[in-house]
Amino acid sequence: MDQYKNFVDLHHQDTPLIIANVWNVKSAQLMQTNGYNAIATSSGAIAHSLGYEDGEKIPFSQLLYIIQRIKSCTTIPLSVDLETGYSNDLPQLNDNIQKLIDIGVVGINIEDSQGEEIYLKKLNSIKTHLTKTNQQLFINARTDGFLQKLDSPLETTLKRATLYKDAGADGLFVTAVQDPAVIKTITSAVALPINVVGVPKLASIRTLAECGVKRISMAVFLFRAAYNHLDAVARAVQSEQSFSPLY
């Protein structure tokens, strides 16, 4: 089975796809070794690891290099957090997409934080490019109505879900939603596999599965956990005047 087909199938199984968000080769390899079926990048984690702020502050060329290294050193499906696409120029956006496909990426997240109008233009452009070139890519449409605290975020999310599905999205990623009842409403109303982040207030995989979620992301939390541990070890060496915390 090719990796794209495998990745699609992981969104339609009985249990949710637990996807680990990685930022370099070592983090990706650890997730593969520990039995994760797929990995995705975290834009924030990659940016911060290289000294940039999140929000497309990192040059696309540097992001692409990290993605290429991750893909060349792992064998499980890889999806990329592409934020808003790293360009508002549609030919350039398509070029960015093609570079990811050439590396072997099987999916992307692309977010609608710029609004529906420009988002639909980007989504249509990507789908047209894929159709013309006979290529496949899982498009996880990220919608930020809750994150941006828009008026009537649930209604906005449901409306956008229909628009994005009709435009060819393969999944819907709803950010900043933490109420199980709201999540159930979304999963019941939307004909796409729903992706949410496992957040502190809603960390149970079982609960999210019962809500009908099909994909659960770690976002930047895995990166933070790793570096919080590193920080604790560094402080312990100083305070204990011993290297024993390293062992």
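Going by the structure above, here's the rest.
This write-up is about the structure you can find in this document. Small disclaimer: the values here were computed from a predicted structure and weren't measured.

So, the overall build of the chain
Across its full length, the chain holds 10 helices and 8 strands. Each principal axis of the C-alpha atoms in the chain carries an extent, and together these give about 60 × 40 × 35 Å. Relative to its 247 residues, the chain shows a buried fraction of 49%. Expressed as a percentage of contacts within the chain between residues at least 6 apart in sequence, the contacts between residues at least 24 apart total 64%. Put simply, the chain shows about 11900 Å² of open surface, and 52% of that area lies on carbon and sulfur atoms. When the 22 basic and 24 acidic side-chain charges of the chain are each reduced to a single mean position, those positions are 3 Å apart.

Describing the packing of aromatic side chains
Overall, the coordinates contain 6 aromatic pairs when judged by the stated rule. When the ring of Trp23 is compared with that of Phe223, the centres are 5.1 Å apart and the planes differ by 85 degrees; the resulting orientation is edge-to-face. Pair noted here: Trp23 is in the loop between β1 (17-22) and α2 (25-33) and Phe223 is in helix α10 (residues 221-240), with a separation of 200 residues, a long-range link. Across the pair, exposure class does not vary: Trp23 and Phe223 are buried alike. Judged by centre distance (5.6 Å) and plane angle (55 degrees), the ring pair of Phe60 and Tyr86 falls under tilted. Of the two residues, Phe60 sits in helix α4 (residues 60-72) while Tyr86 sits in the loop between β3 (78-81) and α5 (90-103), which places them 26 residues apart along the sequence. The pair Phe60 / Tyr86 is uniform in exposure class, with both members buried. Pairwise contacts between aromatic rings join Trp23, Phe223 and Tyr227 into one cluster.

Comments concerning the sheet that holds β3
Spatially, β1-β2-β3-β4-β5-β6-β7-β8 is the arrangement adopted by the 8 strands of the closed barrel, whose pairing is parallel. Each strand of the sheet is rotated relative to its neighbour by a mean of 25 degrees, with strand direction disregarded. Sheet topology places strand β7 (residues 194-197) next to strand β8 (residues 215-217); 3 bridges connect them, and they run parallel. The partner of Val197 across the bridge, within β8, is Ser217. Its contacts with the sheet put α4 on β1, β2 (39-41) and β3, and the angle it makes with β3 is roughly 165 degrees.

Structural notes on the nonpolar core
Membership of the largest hydrophobic core comes to 61 residues, with the highest contact counts inside it found for Ile108 and Leu172. Sort the elements by how many residues they give to this core and α4 lands first, with 6 residues. Among all residues touching Leu172, those that are not within four sequence positions of it are Asn140, Ala141, Thr143, Thr157, Ala161, Tyr164, Val190, Leu192, Pro193, Ile194 and Asn195.

With respect to helix α8 (residues 180-189)
All buried positions along α8 are accounted for by Val182, Ile183, Ile186 and Thr187. Seen along its axis, α8 keeps its buried residues to an arc of 130 degrees; they face one direction. The outward face of α8, more than 90 degrees from its buried face, is lined by the exposed residues Ser188 and Ala189. Taken together, the buried residues of α8 touch α7 (153-166), β6 (171-174), β7 and α9 (205-210). Where α8 begins, the capping side chain belongs to Asp179, and its oxygen is found 2.9 Å from the backbone nitrogen of Ala181.

Criteria and thresholds
- The numbering scheme is per chain: residues are counted from 1 as the chain's sequence reads.
- For this predicted model, a pLDDT threshold of at least 70 governs which residues receive local features, and a threshold of 80 or more governs which side-chain atom pairs are given and counted, while totals over whole chains, interfaces and linings are taken from all residues.
- Water and hydrogen atoms play no part in the side-chain values, which are based on all heavy atoms of the structure.
- Going along the chain from the N terminus, every DSSP run of H or I of four or more residues is numbered as a helix, and every run of E of two or more is numbered as a strand.
- A 1.4 Å probe rolled over the protein chains alone gives each residue an accessible area, and that area as a share of the maximum for its type sets the label: buried under 20%, exposed over 50%, partly exposed in between.
- Every residue pair with non-hydrogen atoms within 4.5 Å of one another is taken to be in contact.
- Working definition of accessibility: Shrake-Rupley area with a 1.4 Å probe, residue cover restricted to the visible protein chains.
- A residue counts as positive if it is Lys or Arg and as negative if it is Asp or Glu; His and the chain ends are not included.
- To locate a charge, the coordinates of NZ of Lys, CZ of Arg, CG of Asp or CD of Glu are taken.
- The rule is short: rings of Phe, Tyr and Trp, with Trp giving its six-membered ring, pair when the centres are within 6.5 Å, and they are stacked under 30 degrees, edge-to-face over 60, tilted in between.
- Each pair of strands is called paired provided DSSP finds at least two bridges between the two strands.
- Only C-alpha atoms enter the line fits that serve as axes; for helices the fit covers just the stretch in contact. Angles between N-to-C directions range over 0 to 180 degrees.
- Take the buried residues of types Ala, Val, Leu, Ile, Met, Phe, Trp, Tyr and Cys, join any two whose side-chain atoms come within 4.5 Å, and each joined set is a nonpolar core.
- Our arc is simply the arc of the directions from the helix axis toward the C-beta atoms.
- Here a polar contact is taken to be a pair of N or O atoms separated by no more than 3.5 Å, where protein atoms must pair a possible hydrogen donor with a possible acceptor and residues adjacent in sequence count only if both atoms sit in side chains.

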